[in-house]
Amino acid sequence: MKTIWILAEARNGRILPVAEELAGAARQLASTVEAVGWGGAEAVDFATLGTYDVSRVFRVGDLGDSLVGPRVAAAVGEMLESHPKPDAILVGATYDGRDVAARLSAKIDVPVLTNVIDLNEIDDALVSTHAVFGGTVNATARFTGSGPGIFVVRPKSFERGDTGGAAAEVVDIVAADPGPSDGARVVSRHVLTQDGPSLDSAEVVVAGGRGLGSKENYRLIEELAHLVHGAPGASRAIVDAGWVPYSHQVGQTGKTVKPEVYLAFGISGATQHLVGMKDAKHIIAVDRDPSAPIFRVADLGVVGDLAQVLPKLIEALRARGSHESTN
Amino acid sequence: MNVAVCVKQIPSAETPLAFDPTSKTLVRTGPLVLDESDSFSVEMALRLVEQSGGGDVTLISVVPDGETQGLRTALAMGAARAVLVSDPLLSGLDALGTAKVLAAMVRRLDADLVLAGTESSDGYTGTVPVQMAELLNYPAVSFVRHVEISGDHLVTERQTEEGFEEVTCPLPAVVSVTAGVVEVRYPSFKGIMAAKSKPVEVLTVADLGLEADSLGIAGARQEVIALEQAELRPSGEIITDSGDAFETIVERLVSWNIISEHQ
Ligand SMILES: Cc1cc2nc3c(=O)[nH]c(=O)nc-3n(C[C@H](O)[C@H](O)[C@H](O)COP(=O)(O)OP(=O)(O)OC[C@H]3O[C@@H](n4cnc5c(N)ncnc54)[C@H](O)[C@@H]3O)c2cc1C
Ligand SMILES: Nc1ncnc2c1ncn2[C@@H]1O[C@H](COP(=O)(O)O)[C@@H](O)[C@H]1O
């Protein structure tokens, strides 16, 4: 029977959904699921991971102003020496998760498989699935060497599947100082807040791309998002152009979203954008180029000028909204 | 300040991506070009060297087949020299193996700072820079959108899921730079001419004192088992706007219960 360790990342006192998804995945594949978390005892209640059948959580403690990567990788590296080795280590594809996976990989000399969207067991080995070519092809891969394989899993790839299991045992672990690799210091953290639902969890995402033509036109995206109680998103092209902050980016390097409806305006549908949104329940795309790849994933594709469609759509929804509220 | 920049040379965007059916690894044939993801760190390196008032930029790259075209582009931008590890032994090298070769190259240089991209355009594992930092026992700041030198350390802005954090970092260090964060200069005609005579040192794995075994090539440690067509979404309805497409969108939003039915 297999043992899997998962990385339990938390933010603002809450365990991230991706960590719960990892637990959900691990439970299908292993008889023992254990987690590694960090943060002070009062900061995060790791025992709640028991509801996802995690039996034990190793808590590295408060990292102070250290970056996560070096400290947590050092702790996991030490644990691998003092505990029975797990068959695999699952890490969420977050910024800090990737740092931990990369440092740990080098430390224990085991390669990493990244961009994992599914995991299965075949002939007693864990096999990962990776979406390539914009999600048109699935590649499956596995580790052939020794040592626990490190899989970096994209958010929203697995169901959390709460089982209501008993509270997990939380064990404090003390790891040696990683030395020079831990030299960087976090001086301040800046949260760019926005009104309305967050991009990660919104039921509706309204996203704009280069076809908007100018930064000013992004206001139309925000307005439409507001009218449908959704979150505004963006392609990388307009994030790179400085029209919107990076936290709006959907795709390979940005967020993975899985809303009920994804509306794309002036987004061509590059491979790296599609991997971040193709699993939306419904997709509507507006683009003036009939051959834009985004139309291949759209339930409703509108070939047309967004400068015409978007204002009319906003007007129609506004009219309905005002009508509804006077009812 | 001396800066080393990791640059990957990849098939140009015109070359369709394909997998070799037997090895199931990405086919890398045809000319290789500078990965756009790395042009941002080249630009940032040139600016940091200018800002520090001395030193220069050395490019480091790993390829199986001796390709230098991508390096010439970065040399034309203003890098002083390039070091290339080229060895047929390196085909099929994984990210950790690449990081080992790059770390060995950094050890031979006198670099205060190593810059890299956050993700390559063709492999996008996004792990090479931090793996390299761990092998060198250096601090690393990943996903960086801004870097400044302040005395003997760096002041950086690192992107996070919800915004950014300010991170200071002593040198030597590895910094991975996010795409799009600086405007990349076009090589000037003079730069292109000068690049032709800039030194490109070509090394083998053995020159670095590494053994193929230690890189995980002899008996790769991970393998692609199968490639399958993914389940495609059923094709949807495509309409051409003639002034009233917005109404169809509203209808769909109603039928999916996103907005209520009554007007
Ligand atoms: C390693 C790597 C990671 C990446 N990660 C991401 C990522 O996370 N997210 C992401 O989005 N991209 C990512 N990219 C970039 C991606 O490859 C594309 O460059 C990007 O998605 C293009 O953005 P776009 O669709 O807005 O722009 P374009 O591709 O330029 O498309 C603009 C579209 O607007 C249409 N248009 C123009 N004017 C109008 C109009 N008036 N009305 C209607 N339509 C109009 C055009 O027909 C076109 O289809 C990544 C790339 C790399 C190499
Ligand atoms: N073969 C290579 N040669 C030089 N640098 C590389 C190579 N592979 C990856 N890198 C560096 O590591 C970054 C991230 O690559 P990757 O981990 O493949 O996504 C790239 O942007 C490069 O800066």
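Residues numbered from 1 in each chain as written. Chains lettered and ligands numbered in written order. Predicted model: local features only at pLDDT ≥ 70, side-chain atom pairs only at ≥ 80, totals over all residues. Heavy atoms only, no water.

Looking only at helices and strands, chain B features six helices and 13 strands. Its C-alpha atoms put chain B at 70 × 50 × 40 Å along the principal axes. Considering only contacts in chain B between residues 6 or more positions apart, those separated by 24 or more positions represent 71%. With an accessible surface of roughly 11500 Å², chain B has 51% of that area assigned to carbon and sulfur atoms. Counting 18 positive and 38 negative side-chain charges, chain B places the averaged centre of each group 8 Å from the other. (Helix = DSSP H or I, 4+ residues; strand = E, 2+ residues; numbered from the N terminus. Contact = heavy atoms within 4.5 Å. Areas by Shrake-Rupley, 256 points an atom, 1.4 Å probe, with all protein chains shown as cover. Lys, Arg positive; Asp, Glu negative; His and termini not counted. Charge placed at Lys NZ, Arg CZ, Asp CG, Glu CD.)

With that out of the way, let us pick up the domain arrangement of chain A. When the parts come together, some accessible area is lost, and that loss is often what is quoted as the size of the interface. Residue and element names in this part refer to chain A. Domain boundaries assigned for chain A yield domain 1 (3–182) and domain 2 (204–326). The distance between the C-alpha centroids of domain 1 and domain 2 comes to 33 Å. In this complex, domain 1 contributes eight residues to the contact, which on the side of domain 2 involves 12 residues. Summed over both sides, the interface between domain 1 and domain 2 buries roughly 900 Å², with carbon and sulfur atoms accounting for 43% of that surface. Counting across the interface, domain 1 meets domain 2 through zero salt bridges. (Domains from an automatic or database assignment. Buried area = accessible area lost by both parts, 1.4 Å probe. Salt bridge = Lys/Arg side-chain N within 4 Å of Asp/Glu carboxyl O.)

What follows deals with the site of ligand 1. Residues and elements named next belong to chain A. Near ligand 1, the surroundings consist of 27 residues, among which Ser235, Val250, Ser268, Gln272 and Asp287 are the closest. Contact between ligand 1 and Ser235: an oxygen atom at 2.5 Å from a side-chain N or O atom of the residue. Measuring from an oxygen atom of ligand 1, one finds a backbone N or O atom of Gly266 at 3.2 Å. Across the complex, the protein chains shield 84% of the 990 Å² of accessible surface that ligand 1 would expose by itself. Going through the elements one at a time, α5 (236–240) and α6 (271–274) are the ones with two or more residues in the shell around ligand 1. Here the shell around ligand 1 is composed, by residue class, of five nonpolar, 15 polar and seven charged. (Near = heavy atom within 4 Å. Polar contact = N/O pair within 3.5 Å; in protein donor to acceptor, adjacent residues only side chain to side chain. Nonpolar A, V, L, I, M, F, W, Y, C, P; charged D, E, K, R; others polar.)

The next subject is the sheet that holds strand β1 (residues 3–6) of chain B. Overall, mixed pairing links the 10 strands, which are arranged β12(A)-β9(B)-β8(B)-β7(B)-β10(B)-β6(B)-β1(B)-β4(B)-β5(B)-β11(B) in an open sheet. Across the chains shown, the open sheet's two edge strands, defined by having one partner strand only, are β12 (185–191) of chain A together with β11 (200–203) of chain B. Neighbour-to-neighbour, the strand axes of this sheet turn through a mean angle of 30°, independent of strand direction. Bridge count for β1(B) against strand β6 (residues 113–117) of chain B is three bridges, and the pairing is parallel. (Pairing = 2+ DSSP bridges. Axes fitted to C-alpha atoms, helices over the stretch in contact; angles between N-to-C directions.)

Tracing the backbone shows A:Asn12 in the loop between β2 (10–11) and β3 (14–15). As for A:Asn12 and A:Val44, which are separated by 32 residues in sequence, their C-alpha atoms are 8.3 Å apart.

Throughout the structure, instances matching the rule amount to four aromatic pairs over all chains. Here the aromatic rings of A:Tyr95 and A:Tyr246 are separated by 6.5 Å at their centres, their planes lie at 40°, and the arrangement is tilted. Here A:Tyr246 lies in the loop between α5 and β15 (261–265) and A:Tyr95 lies in helix α3 (residues 95–108), a separation of 151 residues in the sequence. The same class applies to A:Tyr95 as to A:Tyr246, namely buried. Measuring from ring centre to ring centre gives 4.3 Å for A:Tyr95 and B:Phe143, while their planes differ by 75°; the resulting arrangement is edge-to-face. Of the two residues, A:Tyr95 is situated in helix α3 and B:Phe143 in strand β7 (residues 140–150); the pairing between them involves two chains. B:Phe143 shares its class with A:Tyr95; the two are buried. Pairwise contacts between aromatic rings join A:Tyr95, A:Tyr246 and B:Phe143 into one cluster. (Phe/Tyr/Trp six-rings, centres within 6.5 Å; stacked < 30°, edge-to-face > 60°. Buried < 20%, exposed > 50% of the residue type's maximum accessible area, 1.4 Å probe, protein only.)

Below, the discussion takes up the interface of chain A and chain B. Counting residues at the interface gives 88 residues for chain A and 74 residues for chain B. Buried area between chain A and chain B, both sides added, is near 7300 Å², and the carbon and sulfur share of it is 57%. Looking only at chain A, the three residues that lose the most surface to chain B are A:Tyr95, A:Arg103 and A:Arg320, adding up to 10% of its buried area. Put simply, chain A and chain B have 11 salt bridges between them. Ionic pairing is found between A:Arg142 and B:Glu223, a salt bridge with its closest N-O pair at 2.7 Å. The interface formed by chain A and chain B contains 40 residue pairs in polar contact (both at pLDDT 80 or more). Its residues assigned to classes, the side of chain A that touches chain B comprises 42 nonpolar, 25 polar and 21 charged. Examined bridge by bridge, strand β17 (residues 300–303) of chain A and strand β13 (residues 237–240) of chain B share four bridges and lie parallel to one another. Within the sheet, the bridge partner assigned to A:Gly301 lies in β13(B) and is B:Ile238.

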